[in-house]
Amino acid sequence: METRLEVRLREPNPLFTRWLERWLREAERREQKSQFSLRQALESLKSYPLPLASGRDCSILRGFGGTLCQLIDEELRHHRGLRLLPQEAVFQERYEQQVQAVVRKVQEKQLEHQKRQKKSDRPRKPTKKDLAELAAHEERERVVEMKPGQFQLLLLVDTQETSGKNKKVLDQTRSYLDSLEARHEVRRLTIGDFLWVAQDQEGNELVLPYIVERKRMDDLASSIRDGRFHEQKHRLQHCGLQHIIYLVEDYGDNEQLGLPLDSLQQALTNAKVQTGVRVVRTANHYRSMSYLAGMSRSLGQIFAGKKLHSVDRGALDQSTCLLTNSDLGLLKFRALYEDSAKNAQLTVREVFVQQLLQLHSLSLERAMAIVERYPTPRCLLDAYAECADQKQARLLLASIPCGPLERPLGDKISQCLHEFYSTHFR
């Protein structure tokens, strides 16, 4: 087992620290706004444990914008052109002694580790977790093939579609599907409410490129207000399934929904035009289940003579014609389930998008336009720090073009975002 040694120098970057302290004192004396970014840069520099060679290297730290890094490089060039003062020479000698002591300590630890490793050359017995991860990896890499006539289609229904807060309420979803003779199974889904899988006798399951998100009109209004609608739409677009269907049910006479009916219809139209999803409107729950049963029959006819095989998400061909192509590559259900889990590992950019979607008036198109220019919150904060004054910072995002029409983000949203990301919460 490897040992990890953590060594921290008392003051890894003494020169940079002194320069920042001097510039900070000068900015505070003149009451300049740059004192805030300088104070932030000084704090991050003092907490960084490794030596930095230049101002460019400092750019990885919080508060170091391009101007400050360039200023450090200029000061460094000037400093190297002068002879070391006596006090600086003494300080430099102490610093080198600290570094040499650290190197000796690391070398001693490495020798001890090598000795212990020679004594225990026996291979480590894999744990249950290691075996489970290995089996999961092998299963994911295993290629599944299904010939025509060797599989059946199965409609999967998310558990939340069949269970409610009141357990006495009749399970209408299953009841309707049973009456319509639609072969189905209730299962927890990590994306969407309904989807179809091809299932063979060995238990292998491949996901057909169709996924359905069911929304009643009152639930649609609620999801738009709290941001779930945009977050779900973003996840559906990136799940790897080609055909996304929004199954929207009327809620009585569509009155008292919480949002104007025109606003809901506009949101559905925007989703259809901008993302290419298919919107299907139904009068009630039974009509929705009838639509799903009809889809099951149609898909059964389309896939009856097809040969299917498993592929990774990166190898999916979104342009494949289901009617003319006789050999189709599909995702495994387990792969879709794991990759689409809400707690799956996300990139910083994806987390930033989801964070923006929680803010009022931030649609998916506006959020994507922001992260296109500033991929992470760190990039946005650095851009704020480089602004000449607060007015420029508040309007930094106002001119960013959004959506197909490239309309500017606007002053109001730009100011709200600046206030949110520049406020220190305790």
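Each remark here, short or long, concerns the structure printed above.
Residues numbered from 1 in each chain as written. Predicted model: local features only at pLDDT ≥ 70, side-chain atom pairs only at ≥ 80, totals over all residues. Heavy atoms only, no water.

Participant: Explanation requested: the packing of helix H1 (residues 14–29) against helix H2 (residues 34–47) in the structure shown.
Facilitator: The relative placement of two packed helices comes down to the angle between their axes together with the axis-to-axis distance. Contact geometry of H1 with H2 gives a least axis separation of 9 Å together with a crossing angle of 155°. What the angle tells us is that H1 and H2 run roughly antiparallel. The two elements H1 and H2 meet at a crossing, and its hand is left-handed. Listed contacts from H2 to Phe 16, Thr 17, Leu 20, Glu 21, Trp 23, Leu 24, Ala 27 and Glu 28 of H1 are Ser 34, Gln 35, Leu 38, Arg 39, Ala 41, Leu 42, Leu 45 and Lys 46. (Axes fitted to C-alpha atoms, helices over the stretch in contact; angles between N-to-C directions. Helix = DSSP H or I, 4+ residues; strand = E, 2+ residues; numbered from the N terminus. Parallel < 35°, antiparallel > 145°, perpendicular 65-115°, else oblique. Left-handed = near helix turned anticlockwise from the far one by under 90°. Contact = heavy atoms within 4.5 Å.)

Participant: Looking at this structure, how should I read the pattern of salt bridges?
Facilitator: Side-chain pairs of opposite charge can arise whenever the charged atoms involved come near each other. Under the defined criterion, the tally for this structure stands at 14 salt bridges. Among the salt bridges present, the one from Asp 219 reaches Lys 215, with a minimum N-O distance of 3.6 Å. Through salt bridges that share partners, Glu 26, Arg 29 and Arg 30 make up one connected network. (Salt bridge = Lys/Arg side-chain N within 4 Å of Asp/Glu carboxyl O.)

Participant: Which parts of the structure should I look at to understand the packing of helix H6 (residues 172–179) against helix H10 (residues 285–303)?
Facilitator: Axis separation between H6 and H10 bottoms out at 9 Å; the angle between their running directions is 50°. Classified by the angle between their axes, H6 and H10 sit oblique to one another. The way H6 lies across H10 gives a crossing that is right-handed. Residues Gln 172, Thr 173, Tyr 176 and Leu 177 of H6 touch H10, and the partners they reach there are His 285, Tyr 286 and Met 289. By residue class, the composition of the contact of H6 with H10 is four nonpolar, three polar and no charged. (Nonpolar A, V, L, I, M, F, W, Y, C, P; charged D, E, K, R; others polar.)

Participant: Mind showing me how you'd approach the environment of Leu 261 here?
Facilitator: For Leu 261, the location among the structural elements is in helix H9 (residues 261–275). For Leu 261, a relative accessible area of 31% corresponds to the partly exposed category. For Leu 261 and Ala 221, which are 40 residues apart along the polypeptide, the C-alpha to C-alpha distance reads 8.9 Å. (Buried < 20%, exposed > 50% of the residue type's maximum accessible area, 1.4 Å probe, protein only.)

Participant: Which parts of the structure should I look at to understand the side chain of Ser 310?
Facilitator: Mapped onto the elements of the fold, Ser 310 is located in strand S8 (residues 307–310). Of the polar contacts made by the side chain of Ser 310, one reaches the backbone nitrogen of Val 144; its length is 2.8 Å. (Polar contact = N/O pair within 3.5 Å; in protein donor to acceptor, adjacent residues only side chain to side chain.)

Participant: I would appreciate a short explanation of the packing of aromatic side chains in the present structure.
Facilitator: To describe a pair of aromatic rings, one takes the distance between the centres and the angle between the planes. Under the defined criterion, the tally for this structure stands at five aromatic pairs. On the basis of an interplanar angle of 40° and a centroid distance of 5.7 Å, the ring pair of Phe 16 and Trp 19 is categorised as tilted. Placement of both Phe 16 and Trp 19 in helix H1 is noted, with a separation of three residues, approximately one turn of the helix. When the ring of Phe 333 is compared with that of Tyr 337, the centres are 6.1 Å apart and the planes differ by 45°; the resulting orientation is tilted. Within this pair, Phe 333 and its partner Tyr 337 are both found in helix H11 (residues 333–339), separated by four residues, close to a single helical turn. Given a relative accessible area of 7%, Phe 333 falls into the buried group. (Phe/Tyr/Trp six-rings, centres within 6.5 Å; stacked < 30°, edge-to-face > 60°.)

Participant: Honestly, the nonpolar core in this entry has me stumped. Any pointers?
Facilitator: Taken as a class, soluble globular proteins show a tendency for nonpolar side chains to be buried jointly. In this structure, Trp 196, Leu 208, Leu 292, Leu 299, Phe 303 and Leu 308 are the most contacted members of the largest nonpolar core, which totals 30 residues. Tallying contributions element by element places H10 first for this core, with seven residues. Every residue in contact with Leu 292, bar those within four places of it in the chain, is listed here: Leu 155, Phe 194, Trp 196, Val 212 and Leu 247. (Core = buried A, V, L, I, M, F, W, Y, C linked by side-chain atoms within 4.5 Å.)

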